[in-house]
Amino acid sequence: MVLIIIPFIWLLVSSLKNMGQYYDTDFVKVWFPWPLHFENYAKALKFVPLFLYLWNSVWLATAQMLLAVFSSALVAYGLSRFEFRGRETVFILIIASIMLPTQVTQIPLFMFYSKIGFVNSFKPLIIPHLFGAAYHIFLIRQFMMSLPRDLDESAMIDGANTFTIFSRIILPQCKPALMVTGLFAFLFSWKDIWNPLIYLSSNKFYTLPLGLLFFTGPTRVEYTVELAAIVIALIPTIIIYFIGQRYLERGINIADLK
Amino acid sequence: MKRRVLLTVLALFIFTAMIVSAGPKVTTITYTRWAGTEEAKDFQKLADLFMSKNPDIKIVCDFLPWDPYWNKLQATIIGGSAPDVLSFSHQNSAQYVSRGALYDITKLPGAKKLLDEMQEGTKTPVLLGNKIYGMPVGAGVRAMIYNKELFDKAGIPYPDNKKPMTWDEFLKIGEKLTIKKDGKVVQYAANFHKLEMWESLVVQAGGKYIDYYTKPTKILINSKDGIAGLQYLRTLVEKQIIPPYEDSWEGAFGSPDSAVVTGKVAMMQAGPWALSPLKEKKMNFGTAPLFMGKKRANRGYVNFLAISKNCKNPKAAWRFIEWMCGEGQMDFTKTGDLPANKKYFELAKKENPYGYPAEIMEAFFSELPYVITGPMVPTNDLTTLTEQTVMDLTTLRITAEQGAKRIEGQGNGIIANIEY
Amino acid sequence: MAGKGGLLARRNRMGYVYILPWLIGFIAFQAFPIIYSFYISLHKWDMLTKPKFIGWVNYQSLLTDPRFMISIRNTFLFMIFSMGLGISLGLFIAALLAENLKGNRFYRTVFYLPNLVVPVAFGMMMRPIFGGLDYGLINIILSLFGFEGVRWLDNPSTAIWVVIITNFWFIGACMIIFLAGIKSISRTYYEAAEIDGAGWFRRLFHITIPLLGPILFFQTITGLIYALQIFDIPMAMANMGGSQHTTMGINDSLGTLIYYLYLLGFRNWNMGRASAVGWVVFGIGLIFTTIILMVLRKSWKTQETN
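Just so we're clear, the structure is a prediction, and the values are computed from it rather than from any experiment.

**Q** Now, about the overall build of chain C: what can you tell me, with residues and values included?
**A** Looking only at helices and strands, chain C features 14 helices and two strands. A total accessible area of about 13300 Å² is found for chain C, and carbon and sulfur atoms account for 69% of it.

Structure below.
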């Protein structure tokens, strides 16, 4: 566990150094610098419109997350609770679509979006999430598979339709799965550089990871300010994680529902 | 129940439509270039200036740092939705020009005439046969930039800012400027862009890397002079005058463009674009021409502007380009490049619009005639080969002879397989 | 149940409605790129001019390509270690942290923290550990014991191990899925086992693991796919020395399959060959998945009928 923390300690500590201290190789100076330069954080915020990018990232990630989770849950429900022809095939197709490396489909996809006029906008970043994401569908389905059938059956006897079963019974049971999926969807969107890079055309709409790229280049050596920016970028994600954690803690007891 | 599901799906769609319509609006011409945050301000000012003189054109700029810029450029050109006005640096443009992936500007009004006004060496990257695919706008040249204080400390007189040093002279002061403490280097004499400098050294030694830059047929580096050039680079590493490859980019000694800023390197080879951090830090610096072997040679950059094939307003785009490469050249100099246009180059030499004293800019101006560009071929295999070889050379894993032989052997194979 | 013949069948058909979103999305956004990429793998295409049909040449050329071989070797090494050790470790840690003990919430956060960093940050944060000869943490520790520092990343033989080891930093992702799975297991099972006097380990092996079946399956498959497609970590490490190169570390020692694909496609403008690599990766993935499916199928079926 200590191993995990070490790079973070370095991150925090180094973000308070100036460049001279950054390059000191003396052990003590690397891990215990003095004096501390808190102005790095002010510089980071001024250098690039971090708050704007932060807002863009938050907004985009939330949208992607909500859409992806909901639509994926719908599809997963269909896959796990109904037995229709072709069910196995669909499932295999879904897994297969994760297996094909995205780099291979990136360019044809971009060309496709170009032809239908989706580029230079947020469309390619949001619309695909309307339709569920293979990874999330897979995960949620696995969770749903492990839920006992009697729940469905008792509800059906009571005359509930499929959607009610879905929203009132299955979905709440899946809270841990949904939380994890939501977290993943949010983070995936948050960390994504490539898609915002090629589909957004104006600096105003760039997201946080893109903004971080502006801190270094061949002539700039202000790594310490970049580190401060990275720390700032971490904060929202930690907050989201904390919120999600609380859902995880509750867990579900079947007995409660009865 | 079916209705409920469909309603939900519908709601999702409406929600999305609302988000999507809040997206960005379309504007007249888009312009993109690589630029750090400060450079971006200079380029934006340039665009603003053009807009004030041409109120019927609106320019929307997209500036990105160097690396992501090329990734995005590639994706958008391939995908068919690149910005209207594109910026290129010749070493990354060969593929696009040779495959005709840019808009052909030969027939645009004034294009041929404007190209004639450009420096000779800048024309090659934009031409494919008789067709013009871009317009040179600036030349990037590297000269020696040095930290005066470190020279003072070592008791070495400043290099002359007009006359280049010889290889031997450079070796001598190099050895004095690298300082070691307890066997570890704490200060290097210089930090060079090895992956670009090697060819300059080969040519300086009197040798040649390749027979022609466009449509080459033979690698010529495996000669006495070629090997001498490679060997000099290796010697600089062996004598610890320059850091070995592993330490020359993100370590304590910065990168070739930022080495002097760190305060731990006495000299670097960079262009005017690298001067502003030095000015910011109020460092006492000077410039000098690059050293010379039997002759002078210096790897530089030709920067040019092009129009994308999918551009819907080529005439408007062309007006912007025409201005930047013509009347606007003096304003263009504020961004740090030397003008590609002969007329304005002479003007710039006289008037020095750069914001640095004339004796600083002198070195850059004097290097321009000796600029070499490197091969312009539609494949990166050659670059991969030379990169790998120079990496091995400057980590002292292979000798200069082995390096030359490898480049010749594999290089000829690559050249033979290029399809034009 | 058999008596509800028509009703059940109609209800089952509702399944089609629920999967509709995915179906539409797949056909609209994924089918074309997937088919097109296979088509391209049979051509020579530099993305700027028309593709030229060359049949299976791209695939054949890979068989004699040393860079491809290095990539396969590295990728497989990575798969074995990251999957095998990674999943077991993730499960174990999740089980440990599943109880609502006092410090656990803190630990859970810490473990997951690395997964929150932006890729740019990752490269920078690895420097102080593996970095240069004198300031990398590992080298400093080694020097305390009298060993000389090693340039971990620049040494062709150690390079890929750095990637394997640093990948463990991300174990939090695996852990958190298991955690969610464990939380979904009804308490009653555990309570019954405790009454029977089962210790922690027995509960782990006899209740938790079997009931995590579907999740385990998920982790194995996704772990496999992740390992097979590992790319940004080696690239971040290879590019630590400045702007992007066209080689994958010294002597391609950091090469992995997808990294090679990326270079072939986007640096060498050889999309045909790159797509071929992509489909080879796909093929490997399919083969492994089929094997895993066949093995797990049995225990899966029995679980479903419970």
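**Q** Give me the overall build of chain A: which residues, what numbers.
**A** Assigned secondary structure in chain A consists of 16 helices and zero strands. The buried share among the 258 residues of chain A stands at 64%. Look at the contacts in chain A between residues 6 or more apart in sequence, and 73% of them connect residues 24 or more apart. For chain A, the exposed area adds up to about 9900 Å²; of that, 66% sits on carbon and sulfur atoms.

**Q** Lay out the nonpolar core with the relevant residues and their values.
**A** Among the nonpolar cores identified, the biggest contains 263 residues, and B:Tyr31, B:Ile77, B:Phe88 and C:Ile176 are the most heavily contacted of them. A per-element tally of this core places helix H5 (residues 50-81) of chain A first, with 16 residues. The residues touching B:Phe88, leaving out its near neighbours within four places in the chain, are B:Trp34, B:Trp70, B:Leu73, B:Ile77, B:Ser93, B:Tyr96, B:Leu102, B:Val302, B:Asn303, B:Phe304 and B:Ala306. In terms of nonpolar packing, the next biggest core, distinct from the first, is built from 52 residues, B:Leu230, B:Val237, B:Met267 and B:Leu393 among them.

**Q** How would you sum up the sheet that holds strand E14 (residues 338-339) of chain B? Please name residues and give values.
**A** Residues and elements named next belong to chain B. Spatial strand order, E2-E1-E3-E13-E6-E14: six strands in an open sheet with mixed pairing. The open sheet has two edge strands with one neighbour each: strand E2 (59-64) and E14. Strand direction decides the pairing type here: strand E3 (residues 85-89) and strand E13 (residues 301-307), joined by five bridges, are antiparallel. Residue pairing for E13: Ser 89 is matched across the bridge by Asn 303. Contacting strand E1 (29-34), E2 and E3, helix H3 (residues 66-79) runs over the sheet at an angle of about 125° to E3.

**Q** Which residues make up the packing of aromatic side chains, and what are the values?
**A** To describe a pair of aromatic rings, one takes the distance between the centres and the angle between the planes. This structure, assessed with the given rule, holds 63 aromatic pairs over all chains. Between B:Trp167 and B:Tyr232, the aromatic rings sit 4.1 Å apart at their centres with planes inclined by 10°, giving stacked as the arrangement. One end of the pair, B:Trp167, is in helix H8 (residues 167-177); the other, B:Tyr232, is in helix H10 (residues 224-238), with 65 residues separating them in the sequence. For B:Trp167, a relative accessible area of 14% puts it in the buried group. The class for B:Tyr232 is buried, based on a relative accessible area of 5%. Measuring from centroid to centroid gives 5.9 Å for B:Phe192 and B:Phe291, while their planes differ by 70°, and the two rings are edge-to-face. Here the residue B:Phe192 occupies a position in the loop between strand E9 (184-191) and helix H9 (194-204), and B:Phe291 occupies one in the loop between strand E11 (285-288) and strand E12 (298-299), the gap between them amounting to 99 residues. An aromatic cluster is built from A:Phe110, A:Phe112, A:Tyr113, A:Phe118, A:Phe131, A:Tyr199, C:Phe29, C:Phe32, C:Tyr36, C:Tyr39 and C:Trp45, whose rings are joined through pairwise contacts. One Lys or Arg, A:Arg141, reaches over the ring of A:Phe91 and ends 3.7 Å from the middle of that ring. Note that B:Arg33 overlies the ring of B:Trp34, its terminal NZ or CZ placed 4.1 Å from the centroid.

**Q** Outline the pairing of E2(B), listing residues and values.
**A** In the case of a regular strand, side chains alternate between the two sheet surfaces. Within E2(B), five of the six residues are buried, which leaves the element mostly enclosed by the surrounding structure. Remark: the E1(B)/helix H2 (residues 37-53) of chain B/E2(B) crossover connection has right-handed handedness.

**Q** Explain the interface of chain B and chain A to me, and be specific about the residues and the numbers.
**A** One frequent convention defines the size of an interface as the accessible area lost when the parts assemble. In this complex, chain B contributes 41 residues to the contact, which on the side of chain A involves 40 residues. When chain B packs against chain A, close to 3600 Å² is buried across both sides, 71% of that on carbon and sulfur atoms. Taken together, the connections running from chain B to chain A amount to zero salt bridges. Taken together, the connections running from chain B to chain A amount to six residue pairs in polar contact (both at pLDDT 80 or more). Of all the elements in the fold, those that place two or more residues in the side of chain B that touches chain A are helix H1 (2-21), H2, E2, H3 and helix H11 (275-280) of chain B. Ranked by residue count, the leading element in the side of chain B that touches chain A is H1(B), at nine residues. Each residue belonging to the side of chain B that touches chain A can be placed in one class, and the counts come to 20 nonpolar, 12 polar and nine charged.

**Q** Account for the side chain of C:Thr222, with residues named and values stated.
**A** In this fold, C:Thr222 is placed in helix H11 (residues 213-228). In contact with C:Thr222, not counting residues within four places along its chain, are A:Tyr135 and A:Phe138.

**Q** Break down unusual backbone geometry for me, with residues and values.
**A** Of note, B:Lys215 is a non-glycine position whose phi angle comes to about 50°, a positive value. The exposure class of B:Lys215 is exposed, given its relative accessible area of 53%.

**Q** Provide a residue-level description of the interface of chain C and chain A, including the pertinent values.
**A** At the junction of the two partners, chain C supplies 87 residues and chain A supplies 95 residues. Both sides of the chain C and chain A interface together cover about 8500 Å² of buried area, and 77% of this is carbon and sulfur. At the junction of chain C with chain A, the criterion picks out zero salt bridges. Within the residue set of the side of chain C that touches chain A, elements represented by two or more residues are helix H1 (5-41), helix H4 (104-112), helix H5 (119-130), helix H6 (137-144), helix H8 (171-184), H11, helix H13 (257-267) and helix H14 (271-304) of chain C. Residue composition of the side of chain C that touches chain A, by class: 61 nonpolar, 17 polar and nine charged.

Definitions and cut-offs
- Residues numbered from 1 in each chain as written.
- Chains lettered and ligands numbered in written order.
- Predicted model: local features only at pLDDT ≥ 70, side-chain atom pairs only at ≥ 80, totals over all residues.
- Heavy atoms only, no water.
- Helix = DSSP H or I, 4+ residues; strand = E, 2+ residues; numbered from the N terminus.
- Areas by Shrake-Rupley, 256 points an atom, 1.4 Å probe, with all protein chains shown as cover.
- Buried < 20%, exposed > 50% of the residue type's maximum accessible area, 1.4 Å probe, protein only.
- Contact = heavy atoms within 4.5 Å.
- Core = buried A, V, L, I, M, F, W, Y, C linked by side-chain atoms within 4.5 Å.
- Pairing = 2+ DSSP bridges.
- Axes fitted to C-alpha atoms, helices over the stretch in contact; angles between N-to-C directions.
- Phe/Tyr/Trp six-rings, centres within 6.5 Å; stacked < 30°, edge-to-face > 60°.
- Lys NZ or Arg CZ within 6 Å of the ring centre and 35° of its normal.
- Right-handed = clockwise from strand over helix to strand, strands pointing away.
- Buried area = accessible area lost by both parts, 1.4 Å probe.
- Salt bridge = Lys/Arg side-chain N within 4 Å of Asp/Glu carboxyl O.
- Polar contact = N/O pair within 3.5 Å; in protein donor to acceptor, adjacent residues only side chain to side chain.
- Nonpolar A, V, L, I, M, F, W, Y, C, P; charged D, E, K, R; others polar.

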